[in-house]
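Report on the structure
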Amino acid sequence: MVRTRALGLTPTLLVAIIAAIPALIAASVTGVFETPDSGAYLTYAAMIPAGPLPRGEALLGSSPAPIPLYRTPGYPAVIAVLQYVSLTHWMSLLFLVQLLSQALLAAYTFRVGLALGLRPVYSFVAALMPAAGSVAVFQSAVMTDALFGALFGGAMLLLLHADLMPESRGRTSKLFIAGLLLGLAAAIREATPYVMLGLLPAAFIAAAQGRKLLGLATFILPALVVSGLIMADHYRRSGHAVLSTSRQIVMVQALLPLVSRGVPVFEGETLFARTARETVVGTDYFSIAALNIRLFEAGMTAPEIAAAASANYARAWRQHPVEMLRATATRLPVKMLWITFMPVDTAVDVERQRGEPRPWFGRPEVLWRLTKEGSFFALPILLALWVGRAIGLAVTLGAIVSPFLLARSDSRRAAIFCAWLACGGFVAVYLPVHLEQRYLIPIVPMLCLLGGLAIQSVIASLLPRFAKSTAEARPPRTP
């Protein structure tokens, strides 16, 4: 840790400041904006101070997807608190909260990179690369992505940091804090108990010898308690112990690729199957809403629709495993492989948030045509687009192979492998159901660190002098 102490807090503070700049630029263009999903959070937030949440028939009969069952209460509660502080400026306060959370995450990423043995410049770059990605846009959005990304990403980094530390006291405190962050994350996104499964190996290593079960319990319980409380409240108000009824949408959405290929995934004569066959169109996401409306009008409640959709999804895996695997594979487009660094693509997303179609500077074929026509700006932008994607691709591929580049004697090997498993587990939860680029925001900082480590290792193997200086910079480890 000698190099870390020598650097002091100044570089860490600089990382936090620089990491905030892309989001500030994006906000200056888009302002704090709403997405199609934002309305549900705003409606829920308005219900919190208005009095007791609806229950019984007033809840289940209110709509095909009652918001107090469909969404978890954490993010609406944040909005409600900020609206209480300032009804006029709450959106600006929300942006500041999300901006600060991501700036702190970037600063901590830098510190963890140093503990990992990255050279300071590599750690500096790895900590800042995520700031040029999707998170720069979604810090301005009334959406859970930036805040959830900071909480879950922070938990991942804490576990990696703990796994790299020899001191049991420091490791235990980081394990405890990581558990608390995941507890908060569980209140914001219902998938938390599932995506945190990939973190269990890292938590097991971080737990003190002789107290592994206690350490794991400390880590797991906050998220389980929060999820249990949400389910208990939902049972009290609806008679159904569900964490969320979002399955009524996503479990049908997962089958759209199969429907478009003519695979009979809605078999049987149940009300759900018959209505789905008549309603769901493989290329039309909005047909899922029509399905829910028709089932609701036929007497099914949101929890019942969610249960039927889940059962149908499970049956699709049993009856059509090859088609389901094919659909899973198609949910990981090539563009996901450069999520670690995509400044031009992020600028495109900023422009699209203004309601514009995909702008010309984000379309390689248009840029190439303009270049051939003699445009002065097209070629530099095209080069920036491809160079940015190439860098992002190199870092992501480096992250994928990072555990296999370390020698067996390397003391970091177990920690790196656990971090690798955490990233893979996160993707594995979303991929069979539905995956969007913004969903991966929580794991991008870790991917950048792992990718940076892989690139450093490759360079070190090619340049002996570089390898020697890297070894000297690495913090000493004790057995």
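What you see is a predicted model, and the numbers here were worked out from it, not measured in a lab. (Residues numbered from 1 in each chain as written. Predicted model: local features only at pLDDT ≥ 70, side-chain atom pairs only at ≥ 80, totals over all residues. Heavy atoms only, no water.)

**A short note on the environment of Ala58**
Let me state the cut-off plainly: A run of H or I in DSSP counts as a helix once it spans at least four residues, and a run of E counts as a strand once it spans at least two, with each numbered from the N terminus. Buried, partly exposed and exposed residues are distinguished by accessible area as a fraction of the type maximum, computed with a 1.4 Å probe on protein chains only: under 20%, between the cut-offs, and over 50%, respectively.
Within the secondary structure layout, Ala58 lies in helix H4 (residues 57-60). The exposure class of Ala58 is exposed, given its relative accessible area of 52%. Counting along the chain gives 179 residues from Ala58 to Arg237, while the straight-line C-alpha distance between them is 9.6 Å.

**Overview of the nonpolar core**
Let me state the cut-off plainly: As used here, the term nonpolar core means buried Ala, Val, Leu, Ile, Met, Phe, Trp, Tyr and Cys residues forming a set that is joined through side-chain atoms within 4.5 Å. Only heavy atoms matter for contacts: two residues are in contact if any of them lie within 4.5 Å across the pair.
Phe152, Leu199 and Phe219 are the most contacted members of the largest nonpolar core, which has 83 residues in total. Ranked by the residues each element gives to this core, the list is headed by helix H10 (residues 145-164), at twelve residues. When sequence neighbours within four positions are dropped, the list of residues in contact with Phe152 reads Leu182, Val195, Met196, Leu199, Phe426 and Pro442. The next biggest cluster of nonpolar side chains, apart from the first, holds 26 residues, and it includes Tyr70, Leu256, Val259 and Val263.

**Digging into the packing of H10 against helix H24 (residues 413-430)**
Convention followed: To obtain an axis, a line is fitted to C-alpha atoms, over the contacting stretch when the element is a helix, and the angle between two such axes runs from 0 to 180 degrees between their N-to-C directions. Working definition: roughly parallel below 35 degrees, roughly antiparallel above 145 degrees, roughly perpendicular at 65 to 115 degrees, and oblique for all remaining angles. Handedness of each helix crossing follows the sense of rotation of the near helix against the far helix: counterclockwise by less than a right angle gives left-handed, clockwise gives right-handed. In this classification, the charged set is Asp, Glu, Lys and Arg, the nonpolar set is Ala, Val, Leu, Ile, Met, Phe, Trp, Tyr, Cys and Pro, and all remaining amino acids, among them Gly, are polar.
Their axes nearest at 9 Å, the elements H10 and H24 cross at an angle of 160°. Regarding the angle of H10 to H24, the classification is roughly antiparallel. In the crossing of H10 with H24, the sense of the turn from one axis to the other is right-handed. Residues Phe148, Phe152, Met156, Leu160, Asp163 and Leu164 of H10 lie in contact with H24, whose contacting residues are Ala415, Cys418, Ala419, Ala422, Cys423 and Phe426. For the contact of H10 with H24, the per-class residue count stands at eleven nonpolar, no polar and one charged.

**A short note on the pattern of salt bridges**
To keep it simple, the criterion reads: For this analysis, a salt bridge means a side-chain nitrogen from Lys or Arg found within 4 Å of a carboxyl oxygen belonging to Asp or Glu.
Scanning the entire structure with this criterion turns up 14 salt bridges. A salt bridge links Glu323 to Arg261, with the nearest nitrogen and oxygen atoms 3.0 Å apart. Of this pair, Glu323 sits in helix H20 (residues 321-330) while Arg261 sits in the loop between helix H16 (256-260) and helix H17 (271-279), and the two are 62 residues apart along the sequence. A relative accessible area of 44% places Arg261 in the partly exposed class. With a closest N to O distance of 2.8 Å, Arg412 and Asp410 form a salt bridge. The pair Arg412 / Asp410 is uniform in exposure class, with both members buried. It is possible to trace a salt-bridge network through shared partners that takes in Asp37, Arg71, Asp145, Arg189, Glu436 and Arg438.

**Re the packing of helix H3 (residues 38-50) against helix H6 (residues 74-85)**
Axis separation between H3 and H6 bottoms out at 8 Å; the angle between their running directions is 60°. Considering the angle they form, H3 stands oblique to H6. H3 and H6 meet at a crossing whose hand is right-handed. On H6, the residues touching Tyr41, Leu42, Tyr44, Ala45 and Ile48 of H3 are Tyr75, Pro76, Ala77, Ile79, Ala80 and Gln83. A breakdown of the residues in the contact of H3 with H6 according to their chemical character gives ten nonpolar, one polar and no charged.

**Details of the environment of Leu116**
On the secondary structure map, Leu116 appears in helix H7 (residues 90-116). In this structure the C-alpha to C-alpha distance between Leu116 and Gln437, which are 321 residues apart in sequence, comes to 27 Å. The residues contacting Leu116, other than those within four sequence positions of it, are Leu164, Arg412, Ile416, Leu449 and Leu453.

**Quick word on the environment of Val135**
With respect to the helices and strands, Val135 occurs in helix H9 (residues 134-138). On a C-alpha basis, the gap between Val135 and Arg413 in space is 29 Å, while along the polypeptide they are 278 residues apart. Look past the residues within four positions of Val135 in its chain and what remains in contact with it is Gln102, Pro130 and Ile441.

**Quick word on the packing of aromatic side chains**
Here is the rule we go by: Geometry of aromatic contacts follows a simple scheme: Phe, Tyr and Trp rings, the Trp one being its six-membered ring, pair when their centres are within 6.5 Å, and the pair is stacked under 30 degrees between planes, edge-to-face over 60, tilted otherwise.
This structure, assessed with the given rule, holds twelve aromatic pairs. When the ring of Phe404 is compared with that of Trp420, the centres are 5.6 Å apart and the planes differ by 85°; the resulting orientation is edge-to-face. Pair noted here: Phe404 is in the loop between helix H23 (378-401) and H24 and Trp420 is in helix H24, with a separation of 16 residues, a long-range link. On the numbers, 5.5 Å between centres and 25° between planes, the contact of Phe417 with Trp420 is stacked. Linking Phe417 with Trp420, this pair stays in helix H24, spanning three residues, or about one helical turn. A connected cluster of aromatic rings, assembled from ring pairs, spans Phe148, Phe152, Phe426, Tyr430 and Tyr439.

**Overview of a nonpolar patch on the surface**
Here is the rule we go by: Patches here: salt-bridge-free residues with over 30% relative accessible area, like charges joined within 9 Å, nonpolar side chains (Val, Leu, Ile, Met, Phe, Trp, Tyr) joined within 5 Å. Note on areas: Shrake-Rupley with a 1.4 Å probe; residue coverage comes only from the protein chains shown.
A surface patch of nonpolar side chains, amounting to about 790 Å² of accessible area, comprises Leu393, Leu397, Ile400, Val401, Phe404, Leu405, Val458, Leu462 and Leu463. Elements represented by at least two residues in the nonpolar patch include exactly H23 and helix H25 (444-462). Since its relative accessible area comes to 55%, Phe404 is described here as exposed.

**Overview of the state of the cysteines**
The criterion, for reference: Cysteine sulfur atoms that pair up within 2.5 Å are treated as a disulfide.
Applying the stated rule across the entire model yields zero disulfides. Of all cysteine sulfurs, the one in Cys423 lies closest to Cys418, which takes part in no disulfide; the gap is 11 Å. Take Cys418: its relative accessible area is 4%, and that puts it in the buried class. This cysteine, Cys423, is not joined by any disulfide, and Cys448 carries the nearest cysteine sulfur, 10.0 Å off. Exposure remark for Cys423: the relative accessible area of 5% places this residue in the buried category.

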